[in-house]
Amino acid sequence: IFDTAGLIDGRIYDLEAHLDRFLMSAERSKLRVSPSRAEMRDIIVKTTSASGKRDGSIRYWLSSGPGSLELTPAAGAEPGFFVMVFAGLVYPDRWLTQGARVMTTTYPIKAPIYAMTKATNYLPNVLMQMEAKEAGFDTGVFIDADEHVGEGSNMNVAFVTNDAVLVHPTFDHILAGCTSVRLLELAKGL
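Residues numbered from 1 in each chain as written. Predicted model: local features only at pLDDT ≥ 70, side-chain atom pairs only at ≥ 80, totals over all residues. Heavy atoms only, no water.

1. A few points about the side chain of Arg-21
Working step 1: Structurally, Arg-21 can be placed in helix H1 (residues 15–28).
Working step 2: If we skip the residues at most four places from it in the chain, Arg-21 touches Asp-3, Thr-4, Lys-118, Leu-175, Ala-176, Gly-177 and Cys-178. (Helix = DSSP H or I, 4+ residues; strand = E, 2+ residues; numbered from the N terminus. Contact = heavy atoms within 4.5 Å.)

This is the structure:
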């Protein structure tokens, strides 16, 4: 499994929410968590500090550890926890002024257990993104069997209606984005 937290002006964005989601993904994946949450947080913070970067992304992974070529984790294998700090994803400035060009994909949306678990199997997301680029769009959006909007290739989707109402898919069949959840919590307080 993996997760990614933003690094903005030397600060890690919403790390606790990202760790919550990371640990839920580990539980859904039946991965044994080691090190502890506090130790993971410490490793992430120290790795970020050692990187010297002030802006970018922090990606971290948990694996079942080394083992055989069988599908299940090897007996006695120690989980592996890895952290990488990188420049981050850069979206075109025109997305902020003109919006992104988006299409619905022909690829089926992932089943909820796979969509809600942030695992490294991003093949459907990759294929959707490739399809969108080949068709001249910036990104794609999954549509479920009932033709409801799901999520983008690597981001949540939301709409602001003409009446200034924020509308978004429910998080019962897609990944709950930490920023989306935070915005919804802030909106409830208004």
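2. What about the sheet that holds strand E5 (residues 102–104)?
Working step 1: Judged by pairing direction, the sheet is mixed, and its three strands sit side by side in the order E5-E6-E7 without closing on themselves. The open sheet has two free edges, formed respectively by E5 and strand E7 (149–152), since each of these has just one partner strand. Looking at each pair of strands side by side, their axes are set apart by 35° on average, direction ignored.
Working step 2: Both strand E6 (residues 139–143) and E7 contribute to a ladder of two bridges, which runs antiparallel. Among the inter-strand pairings, Ile-143 is bridged to a residue of E7, identified as Val-149. (Pairing = 2+ DSSP bridges. Axes fitted to C-alpha atoms, helices over the stretch in contact; angles between N-to-C directions.)

3. Some details on H1
Working step 1: The end-to-end C-alpha distance of H1 is 20 Å, a good match for the 20 Å that 14 residues give at a rise of 1.5 Å each.
Working step 2: By the burial criterion, the buried members of H1 are Leu-15, His-18, Leu-19, Arg-21, Phe-22, Ser-25 and Ala-26. Taken end-on, H1 shows its buried residues confined to a sector of 160°, consistent with a single buried face.
Working step 3: Those residues of H1 that are buried are in contact with strand E1 (2–8), strand E2 (11–12), helix H2 (37–51), strand E3 (56–63), strand E4 (80–86) and helix H6 (178–188).
Working step 4: Following H1 by one or two positions, Lys-30 adopts a phi angle in the positive range, close to 60°. (Expected span 1.5 Å × (residues − 1). Buried < 20%, exposed > 50% of the residue type's maximum accessible area, 1.4 Å probe, protein only. Arc of directions from axis to C-beta.)

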